[in-house]
Protein chains: 2
Amino acid sequence: MAAPKFVEIKQHLIANIERGVWREHAKVPSENALAGEFGCSRMTARRALTELVEQGVLVRSQGQGTFVASLKSQGSMLNIRNIADEVRGRGHDYQVQVLEQLRLPADASVAIALGVAVGAEVGQTRLLHSEDGRPVQLELRFVNLALVPDYLEQDFYRQTPHEYLSQVAPLTEAHHEVEAVVVDAKTASLLEIDQGEPCLRIHRRTWSRSGTVSFARLTHPGSRYRLGGHLVMD
Amino acid sequence: MAAPKFVEIKQHLIANIERGVWREHAKVPSENALAGEFGCSRMTARRALTELVEQGVLVRSQGQGTFVASLKSQGSMLNIRNIADEVRGRGHDYQVQVLEQLRLPADASVAIALGVAVGAEVGQTRLLHSEDGRPVQLELRFVNLALVPDYLEQDFYRQTPHEYLSQVAPLTEAHHEVEAVVVDAKTASLLEIDQGEPCLRIHRRTWSRSGTVSFARLTHPGSRYRLGGHLVMD
DNA sequence: AATCTTTGCTTGTATATACAAGTTGCCTGT
DNA sequence: ACAGGCAACTTGTATATACAAGCAAAGATT
């Protein structure tokens, strides 16, 4: 029933930070000091400190000590989820339509984004994802065929590009940018929105161990989509 | 020079997962098995496994074992940063203009968002943040005065609301929503954009231990702002 | 006075060990 | 055949210990 000892120590540290006993950048007790104070071994005190470092509450430096992290650096996170999971998670019907699936030489901007030579062949797919019959995301994706040679042979009605890529080239790093845009007439008609209606556009670039795998441009109708995020800090 | 032993074990596990030796939901060797295989103690093998669990690569269950996590659940994160830090981080000039700072009774929507009674007095501030003289964010914020009674007495030219709130009511949880919108004429003129130009709008709600602290609506000109995120998974 | 060395404190890595607690399957007694 | 309990294996918590490595300040040497 009782909380483990390292949790007690974590709570003690957090409580003291929150009530201002130790302010920003102040030094907190060392591992040995905490071990003495709580009557536990150094490794147990260390675990409490280590977990708070992972949570971004503390920072530590070998030889110097452990300090309260600057509060403003605790930036919150916004979760970007797989659209298929997201739609199904809402209990709605998920559908996809494959509009394009072709091989073409990279122009300058694609070559830079994928880290390949200009003119190198890359895979391009364009998919329209729908929720309960209404479009929610237009996905334009460029894939590095050197790293994922079988990409264009896949059936994306069975498995989304994101799911397939996650399997064959588990990503180790991702970068996102989000912006608000107005789209051209063709895109507007695909998304079934009025021209002039704002859209949320996410640029997503993913790396695997061996290089840049894929570059995707995800466009959501502003009227029909919200990107939601949640982070528990404690 | 050599990597620590627990890092070697992590790399070995990740490599085997990536090349498909252990697929989704497959069981990976137990702590004791890894300890034997790598000629280390169980605690060292345990550390490698624990860190991979934290990274979302593995899941474990007491009594059963450790398993490869489902790959699709590795959602990426998008970092939402403090606008002042973000502007200064780009090496640009940051300026703020306080447009409103007043006390008013909560209407229905504000009352729900802040978790107070309709008609309860809440603080409202409207700030315009600028980068190199051009507006980049219009911040409309409602604050629960029951939790932060001195909010309206602050000088937000010295310290942004976000910074002040971080100090007096360290937040334990935050929720975000991002959408694309077109704004009214008044807002457009404040942001110095054409009417009809899309904007990125972030709804940000923060909790402290004692309740909902603040509800902010952050509006960025779509032409001048991108929300950037980055996550290292390894 | 300036510089090098030592000493002590800090965190980082690693081991060996012990017991607790959850899960599974086998095996025994009825 | 079934139920109960036992044994084996798993992860979870905790301790005691050892040495490595980074840092800072006091002290010794030049």
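A brief structural summary. Everything quoted here is computed from the prediction, not taken from an experiment. (Residues numbered from 1 in each chain as written. Chains lettered and ligands numbered in written order. Predicted model: local features only at pLDDT ≥ 70, side-chain atom pairs only at ≥ 80, totals over all residues. Heavy atoms only, no water.)

### Some remarks on unusual backbone geometry
Residue and element names in this part refer to chain A.
Alright, step 1. Unusually for a residue other than glycine, His25 sits at a positive phi of about 70°.
Alright, step 2. Structurally, His25 is set in the loop between helix H1 (5-18) and strand E1 (27-28).
Alright, step 3. Located in the positive-phi region is Asp132, a residue other than glycine, with phi close to 50°.
Alright, step 4. Along the chain, Asp132 turns up in the loop between strand E6 (121-131) and strand E7 (134-143). (Helix = DSSP H or I, 4+ residues; strand = E, 2+ residues; numbered from the N terminus.)

### Some remarks on the nonpolar core
Alright, step 1. In terms of nonpolar packing, the biggest core is built from 50 residues, with Tyr151 of chain A together with Tyr151 of chain B touching the most fellow members.
Alright, step 2. Not counting residues within four places of it along the chain, the set of residues in contact with Tyr151 of chain A comprises Gln101, Thr125, Arg141, Val143, Leu145, Phe156, Pro161, Tyr164 and Leu165 of chain A. (Core = buried A, V, L, I, M, F, W, Y, C linked by side-chain atoms within 4.5 Å. Buried < 20%, exposed > 50% of the residue type's maximum accessible area, 1.4 Å probe, protein only. Contact = heavy atoms within 4.5 Å.)

### Side note on the protein's contact with DNA strand C
Alright, step 1. Residues in close proximity to DNA strand C total 24 residues, the closest being Arg42 and Gln62 of chain A together with Lys5, Thr44 and Arg47 of chain B.
Alright, step 2. Between DNA strand C and Lys5 of chain B, the relevant distance is 2.5 Å, taken from a phosphate oxygen to a main-chain nitrogen or oxygen of the residue.
Alright, step 3. Gly63 of chain B has a polar backbone atom sitting 3.2 Å from a base nitrogen of DNA strand C.
Alright, step 4. For the surface near DNA strand C, the elements supplying multiple residues, two or more each, are helix H3 (42-54), strand E2 (58-61) and strand E3 (65-68) of chain A together with helix H1 (5-18) and helix H3 (42-54) of chain B.
Alright, step 5. The dominant element in the surface near DNA strand C, judged by the number of residues it contributes, is H3 of chain B, at four residues.
Alright, step 6. Class assignment for the residues of the surface near DNA strand C results in five nonpolar, 12 polar and seven charged. (Near = heavy atom within 4 Å. Polar contact = N/O pair within 3.5 Å; in protein donor to acceptor, adjacent residues only side chain to side chain. Nonpolar A, V, L, I, M, F, W, Y, C, P; charged D, E, K, R; others polar.)

### A short note on the packing of helix H2 (residues 31-38) of chain A against H3 of chain A
Residues and elements named next belong to chain A.
Alright, step 1. Relative to each other, H2 and H3 sit at 115°, their axes nearing to 8 Å. Of the possible angle classes, the one that applies to H2 and H3 is roughly perpendicular. As for how H2 packs across H3, the hand of that crossing is right-handed. Mapping the contact onto sequence places Glu31, Asn32, Leu34 and Ala35 in H2 and Arg42, Ala45, Arg46 and Leu49 in H3.
Alright, step 2. Each residue belonging to the contact of H2 with H3 can be placed in one class, and the counts come to four nonpolar, one polar and three charged. (Axes fitted to C-alpha atoms, helices over the stretch in contact; angles between N-to-C directions. Parallel < 35°, antiparallel > 145°, perpendicular 65-115°, else oblique. Left-handed = near helix turned anticlockwise from the far one by under 90°.)

### Looking at the sheet that holds E1 of chain A
Residue and element names in this part refer to chain A.
Alright, step 1. One open sheet accounts for three strands, arranged E1-E3-E2; its pairing is antiparallel. Since the sheet does not close on itself, it has two edges, and those belong to E1 and E2, each with one partner.
Alright, step 2. Inspection of the sheet shows E2 paired to E3 by four bridges, in the antiparallel sense. Following the sheet pairing, Val59 is matched in E3 by Phe67.
Alright, step 3. Here H3 sits on the sheet and contacts E1, E2 and E3; the angle it forms with E2, its principal contact strand, is near 115°. (Pairing = 2+ DSSP bridges.)

### Brief notes about the protein's contact with DNA strand D
Alright, step 1. Around DNA strand D, 24 residues are found, and the nearest of them are Lys5, Thr44 and Gln62 of chain A together with Arg42 and Gln62 of chain B.
Alright, step 2. The side chain of Thr44 of chain A places a nitrogen or oxygen atom 2.6 Å from a phosphate oxygen of DNA strand D.
Alright, step 3. One of the side-chain nitrogen or oxygen atoms of Arg46 of chain B is found 3.2 Å away from a phosphate oxygen of DNA strand D.
Alright, step 4. Of all the elements in the fold, those that place two or more residues in the surface near DNA strand D are H1 and H3 of chain A together with H3, strand E2 (58-61) and strand E3 (65-68) of chain B.
Alright, step 5. Per element, the largest residue contribution to the surface near DNA strand D is four residues, and it comes from H3 of chain A.

### Considerations on H3 of chain A
Residues and elements named next belong to chain A.
Alright, step 1. The end-to-end C-alpha separation of H3 is 18 Å, in line with the 18 Å expected for 13 residues at 1.5 Å each.
Alright, step 2. Within H3, burial applies to Ala45, Ala48, Leu49, Glu51 and Leu52. Looking straight down H3, one finds that the buried residues subtend no more than 160° of arc, so they occupy a single side.
Alright, step 3. Contacts from the buried residues of H3 go to H1, E1, H2, E2 and E3. (Expected span 1.5 Å × (residues − 1). Arc of directions from axis to C-beta.)

### Brief notes about the pattern of salt bridges
Once the charged atoms of two side chains with opposite charge are near each other, the side chains can pair.
Residues and elements named next belong to chain A.
Alright, step 1. Inspection of the entire model under this criterion finds 16 salt bridges over all chains.
Alright, step 2. In this structure, the salt-bridge partner of Arg42 is Glu31, at a minimum N-O distance of 2.6 Å. Taken as a pair, Arg42 in helix H3 and Glu31 in helix H2 lie far apart in primary sequence, 11 residues in all.
Alright, step 3. We classify Arg42 as partly exposed; its relative accessible area is 41%. (Salt bridge = Lys/Arg side-chain N within 4 Å of Asp/Glu carboxyl O.)

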